[in-house]
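These are the residues of each chain, in order.
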Amino acid sequence: MSEQKVRARDNAGGRRRAILDQAQRIVGERGYHGFGLQELAERCGLTKPGLLHYFGSKDRLLIDLLRDRDAQHEAAAHALLDERCDRHASARAQRDSFVAGLRLIMERNAAQPELTRLQTILRAEAINGDHPAHGYFMGREAAKLDLLADLVAVFSPAPRSTARQVLALMGGLEEQWLREDRAFDLAAEFDAAIGLIIP
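Every value quoted in this text rests on a predicted model; they were computed, and no experiment measured them.

Section: the overall build of the chain
Phase 1: Looking only at helices and strands, one finds 9 helices and 0 strands in the chain.
Phase 2: In the chain, the succession of α and β elements from N to C terminus is α-α-α-α-α-α-α-α-α.
Phase 3: Split into buried and exposed, the 199 residues of the chain put 42% on the buried side.
Phase 4: Here the analysis covers contacts within the chain between residues at least 6 apart in sequence; of these, 65% occur between residues at least 24 apart.
Phase 5: Carbon and sulfur atoms form 52% of the exposed surface of the chain, whose accessible area is close to 10500 Å².

Here's what the structure looks like:
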């Protein structure tokens, strides 16, 4: 590949990154329906057709934004859970490691409120079946449920139900935390509630 082509590819990658960063800010503030491509293009120093050159459509941009955010978040979450959950340890030790890993995820989400807001807004909007990210969230939530059910199976008599309750706890606390303008300690509330789900 020529040096010119490498530079062009790197420039395109940098431009896509800048567009995704700006889109994340806008969607995090107002949700998917609260921003337009024209505003995004202006913030990025592009025309609307120039913006569409990189993503094709507003829906494609949303899916790429979600994939980008989730790739970062999911990699960190899996690493935390895998690192902490020793499959050869006792059920009690696995339970303690699992809870500690989830707490670290909550701390990480609390340290990144705009990303947490983005995820919460889009997750709620995508409940509607005609939302462009509906299928994406259905698949993502099913995968998270399967992963957590697998991890809790050693110490929970009803792993799928426990996993569902853990996901509801985490998402619900994040939503309340954002609605109340981060007025409480997200990780501390998680600590108080998780023992009720996983004694």
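Regarding the nonpolar core
Phase 1: By size, the foremost hydrophobic cluster in this structure holds 26 residues, and its most contacted members are F98, L102, L148, V166, F190 and I198.
Phase 2: Mapped by element, the contributors of at least two residues to this core are α5 (91-111), α7 (134-152), α8 (159-179) and α9 (186-197).
Phase 3: No other element matches α8, which puts 8 residues into this core.
Phase 4: What I198 contacts, discounting residues up to four positions off in sequence, is R95, F98, V99, F155, T162 and V166.
Phase 5: Of all hydrophobic cores here, the second largest spans 24 residues; its members include C44, L46, I63 and L118.

Parameters and conventions
Residues numbered from 1 in each chain as written. Predicted model: local features only at pLDDT ≥ 70, side-chain atom pairs only at ≥ 80, totals over all residues. Heavy atoms only, no water. Helix = DSSP H or I, 4+ residues; strand = E, 2+ residues; numbered from the N terminus. Buried < 20%, exposed > 50% of the residue type's maximum accessible area, 1.4 Å probe, protein only. Contact = heavy atoms within 4.5 Å. Areas by Shrake-Rupley, 256 points an atom, 1.4 Å probe, with all protein chains shown as cover. Core = buried A, V, L, I, M, F, W, Y, C linked by side-chain atoms within 4.5 Å.

Coordinates in, geometry out; function isn't part of it.
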